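Here are the chains, one letter per residue:
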Amino acid sequence: RRRLRSASSCGSRAVAAMASCRAAAPFPCAAPLLLLPLLLAVAKAGLSGYFGTKSPYEEVNPHLVSDPLSLGPAVAGSRLPASCTPLQLRALLRHGTRYPTAGQIRRLGELHARLLRRPTAAAAACPAAAALAAWQMWYEESLDGQLAPQGRRDMEHLARRLAARFPALFAARRRLVLASSSKHRCLQSGAAFRRGLGPSLGFGRDEVEVEVNDSLMRFFDHCAKFVALVEENDAALCQVSAFREGPEMRKVLEKVASALCLPVEELNADLVQVAFLTCSYELAIKNVTSPWCSLFSEEDAKVLEYLNDLKQYWKRGYGYDINSRSSCILFQDIFQHLDKAVEESKSSKPISSPLIVQVGHAETLQPLLALMGFFKDDEPLKANNYVRQTHRKFRSGRIVPYAANLVFVLYHCDQVKTSENEYQVQMLLNEKLMSFHHSNETISTYADLKDYYKDILENCHFKEECELPKVNITAVDEL
């Protein structure tokens with residue numbers, strides 16, 4: 001049977017998994033212009049580049065801070081021949097900036113309550129704690145991961161920029177297929193994207209026009225092997241647990257406890273992470289430089305980013321084979337629509353789906369990019385190689401920030417030497433052209449691209465990949 005292959009096995013049983021963690025670490029397992037000065041303030045503290053999946057989109061495209069509709073600097077050698085015309089655009093989007101989840105809000109409330117219980121007389125000795133005690137806890141659990149106003153702007157502006165990049169595809173009366181995950185923040189992001197296009201496509205404002213498609217946008221929920229062996233299996237994230245208890249995090253924990261004049265025993269990695277992410281949320285949602293940011297140095301931020309990246313790596317990236325293989329259903333759907341557009345073009349028929357826009361999650365995009373082999377480091381991310389991974393490719397904040405987008409564009413090119421060159425493809429991640437692995441070029445013939453990914457297109461079958469073994473076996477045994 002197919003076993004759950006990993007970048008580094010955590011052992012076949014829970015005890016073995018935990019032992020491997022102990023070996024990895026000495027601790028046991030357990031408004032744009034207004035935004036500019038605030039981004040600069042957090043950047044000055046050295047924090048803004050390390051918020052991981054909670055990073056604002058402007059972090060990967062800083063030119064948007066001063067002009068949210070800017071297409072950025074022109075890239076030399078990225079222009080297509082004048083004889084190439086776009087036939088189809090397939091855009092996979094992560095939702096825009098969101099509020100914290102209910103769990104994060106609960107933990108933040110718990111930490112804030114501890115600071116409020118401190119004696120008033122201690123304020124002079126602990127200015128950071130006093131400032132945070134005075135901070136107003138305005139988050140309510142009912143906000144639970146909903147799209148924030150900035151998230152709506154993220155999507156509206158992205159829609160306008162994509163329309164400016166590909167005016168022929170976004171012209172009036174072109175058909176737009178708009179789909180989304182069932183999560184409210186994704187549905188709202190889809191509606192905001194449509195609003196950003198204005199009345200030119202003849203779409204109204206009603207959210208029901210966004211089709212729900214969880215089988216593609218939340219494929220991971222439908223993959224039994226992933227759910228059982230990774231999502232619900234603590235042993236699968238033993239590297240994350242080891243780093244949480246390791247020396248780098250211990251140092252951050254002690255520093256934050258000292259700044260707050262709290263016993264270190266009253267803090268844990270969860271609470272410190274929540275404090276750090278509140279710094280990012282306050283900036284993204286309220287356009288304020290939060291007093292929570294004052295608890296962290298740039299070195300602290302790097303450690304906390306690595307903790308977040310470890311989780312993404314082992315749960316959504318290269319850590320286990322099933323993480324990426326579960327996304328082949330989405331990958332194949334992309335190529336099925338590209339195939340159809342090519343066939344329609346060859347038959348001189350109108351392209352039935354020139355624009356396909358789908359809104360999902362970081363968890364939608366990250367496995368797909370891993371399936372395609374992007375951002376893969378020579379050495380797996382582990383609890384005990386933090387320093388060696390300083391210059392790693394796998395940095396989730398640079399790959400899937402809020403409003404992240406992966407765009408496939410199919411072109412028909414006239415005046416070409418061979419029929420294979422007639423159909424060509426470009427890929428953009430966060431509005432930047434990506435180099436294809438097989439050519440190291442930013443444009444590929446469609447035939448070459450299909451040939452490079454032939455094995456995934458022909459041999460990755462979602463039902464078989466995601467089926468749990470028939471025999472009675474525990475998740476840790478399978479690991």
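Residues numbered from 1 in each chain as written. Predicted model: local features only at pLDDT ≥ 70, side-chain atom pairs only at ≥ 80, totals over all residues. Heavy atoms only, no water.

Engineer: Just checking my understanding: could you explain the overall build of the protein chain for this structure?
Structural biologist: Summing up its helical and strand segments, the protein chain has 20 helices and 8 strands in all. Counting all 479 residues of the protein chain, 56% fall into the buried class. Accessible area for the protein chain stands at about 20,400 Å²; split by element, carbon and sulfur atoms hold 51% of it. (Helix = DSSP H or I, 4+ residues; strand = E, 2+ residues; numbered from the N terminus. Buried < 20%, exposed > 50% of the residue type's maximum accessible area, 1.4 Å probe, protein only. Areas by Shrake-Rupley, 256 points an atom, 1.4 Å probe, with all protein chains shown as cover.)

Engineer: Before we go on, may I ask you to explain the pattern of salt bridges in this structure?
Structural biologist: Scanning all chains against the criterion turns up 19 salt bridges. Across the salt bridge formed by Arg250 and Glu254, the nearest N and O atoms sit 3.3 Å from each other. Residue Arg250 and its partner Glu254 are both found in helix H10 (residues 247–259); the two are separated by 4 residues, about one turn of the helix. Among the charged side chains, a salt-bridge network with shared partners connects Glu305, Asp309, Arg392 and Arg395. (Salt bridge = Lys/Arg side-chain N within 4 Å of Asp/Glu carboxyl O.)

Engineer: Hey, could you run me through the side chain of Glu431 in this one?
Structural biologist: Its location among the elements puts Glu431 in the loop between strand S6 (423–429) and strand S7 (432–433). There is a polar contact of 2.9 Å between the side chain of Glu431 and the side chain of Arg161. Beyond its immediate chain neighbours, meaning those up to four positions away, Glu431 contacts Tyr57, Asn61, Leu158, Arg161, Arg165 and Asn405. (Polar contact = N/O pair within 3.5 Å; in protein donor to acceptor, adjacent residues only side chain to side chain. Contact = heavy atoms within 4.5 Å.)

Engineer: Explain the state of the cysteines here, please?
Structural biologist: Two cysteines, two sulfur atoms, one covalent bond between them: this is a disulfide. Scanning the entire structure with this criterion turns up 5 disulfides. Covalent S-S linkage joins Cys84 and Cys413, the inter-sulfur distance amounting to 2.0 Å. Every disulfide takes its handedness from the sign of the S-S torsion; for Cys84 and Cys413 that torsion is 110 degrees, giving right-handed. Remark: Cys413 occurs in strand S5 (residues 405–413) and Cys84 occurs in strand S1 (residues 84–94); sequence separation between them is 329 residues. Neither Cys84 nor Cys413 differs from the other in exposure class; each is buried. A sulfur-sulfur distance of 2.4 Å marks the disulfide that ties Cys328 to Cys460. On the sign convention where negative is left-handed, the bridge of Cys328 and Cys460, at about -80 degrees about the S-S bond, is left-handed. With a gap of 132 residues between them, Cys328 in helix H14 (residues 328–346) and Cys460 in the loop between helix H18 (454–459) and helix H19 (462–466) connect regions that are remote in the sequence. (Disulfide = S-S within 2.5 Å.)

Engineer: Help me understand the packing of helix H11 (residues 269–286) against helix H12 (residues 298–316) in this model?
Structural biologist: Helix-helix packing is characterised by the crossing angle of the two axes and by the distance between the axes. Here H11 crosses H12 at 110 degrees, and the two axes come no closer than 11 Å. Taken as axis vectors, H11 and H12 run roughly perpendicular relative to one another. Seen from H11, the contacting residues are Val272, Gln273 and Phe276; seen from H12, they are Ala301, Leu304 and Leu307. (Axes fitted to C-alpha atoms, helices over the stretch in contact; angles between N-to-C directions. Parallel < 35°, antiparallel > 145°, perpendicular 65-115°, else oblique.)

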